Amino acid sequence: MTKRAPKLPPPTRQEREAAAIAAEALAGALADPNTRGVPSVMHLDFSNPRRGECHITWSKLPGFLQVNERYSHACLPGWEYTKVEIALEMIPDLRALAEHGVRPFLPTDGKATTGDLFGVMT
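Read on for an overview of the structure. (Residues numbered from 1 in each chain as written. Predicted model: local features only at pLDDT ≥ 70, side-chain atom pairs only at ≥ 80, totals over all residues. Heavy atoms only, no water.)

**Concerning the pattern of salt bridges**
Line of reasoning, step 1. Scanning the entire structure with this criterion turns up four salt bridges.
Line of reasoning, step 2. The partner of R103 in a salt bridge is E15, and the shortest N-O contact between them spans 3.2 Å. In this pair, R103 sits in the segment after α2 (83–100) while E15 sits in helix α1 (residues 13–31), placing the two residues 88 residues apart along the sequence.
Line of reasoning, step 3. Salt-bridge contacts for R70 lead to E80; the nearest nitrogen and oxygen are separated by 3.7 Å. With R70 in strand β4 (residues 70–73) and E80 in the loop between β4 and α2, this residue pair connects regions lying 10 residues apart in the sequence.
Line of reasoning, step 4. Given a relative accessible area of 27%, E80 falls into the partly exposed group. (Salt bridge = Lys/Arg side-chain N within 4 Å of Asp/Glu carboxyl O. Helix = DSSP H or I, 4+ residues; strand = E, 2+ residues; numbered from the N terminus. Buried < 20%, exposed > 50% of the residue type's maximum accessible area, 1.4 Å probe, protein only.)

**Re the side chain of Q66**
Line of reasoning, step 1. Relative to the elements of secondary structure, Q66 occurs in strand β3 (residues 64–67).
Line of reasoning, step 2. A distance of 2.8 Å separates a polar atom in the side chain of Q66 from the backbone oxygen of N68.
Line of reasoning, step 3. Once you skip the residues sitting within four places of it in the chain, Q66 turns out to touch C54, H55, I56, W58 and Y71. (Polar contact = N/O pair within 3.5 Å; in protein donor to acceptor, adjacent residues only side chain to side chain. Contact = heavy atoms within 4.5 Å.)

**Some remarks on unusual backbone geometry**
Glycine aside, residues mostly have negative phi, and peptide bonds are mostly found in the trans state.
Line of reasoning, step 1. With a phi close to 55 degrees, N68 is a non-glycine residue in the positive phi region.
Line of reasoning, step 2. Following the sequence through the fold, N68 ends up in the loop between β3 and β4.

**Quick word on the sheet that holds strand β2 (residues 51–58)**
Sheet strands pair via backbone hydrogen bonds, and the direction of the pair is either parallel or antiparallel.
Line of reasoning, step 1. What the four strands build is an open sheet, ordered β1-β2-β3-β4; its pairing is antiparallel. The sheet is open, and its two borders are formed by β1 (39–46) and β4, each paired with just one other strand. Going from strand to strand, the sheet's axes swing by 20 degrees on average, the running direction of each strand aside.
Line of reasoning, step 2. Across eight bridges, the pairing between β1 and β2 is antiparallel. In the strand pairing of β2, D45 is matched with G52.
Line of reasoning, step 3. Sitting on the sheet, α2 touches β3 and β4, and the angle it makes with β4 is about 15 degrees. (Pairing = 2+ DSSP bridges. Axes fitted to C-alpha atoms, helices over the stretch in contact; angles between N-to-C directions.)

The following block contains the structure:
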């Protein structure tokens, strides 16, 4: 995670349920890429300065978005992840949100985390 999340109110029951579903769907998609569903690709060209973005979503991973080489999820607004961080951080962040109602608050450097970042696992 490299981007700082906005200050949000405590998650609702619906947000926690959506995070649980998202965590399981992402874990399943990492284990078997065929379960991602049909990809939707949109390429945006910006004229000034000359650059572009490629946005990719998948039909069976609602809320999951890839923009160029960065990944985000609607359940974790404000956070961006790299491909390596999906398994190391995004899925655990979604599970912590679902199980304990805590949102991530500490940006990391993409390495495997040790210890309890949320203060609720002990």
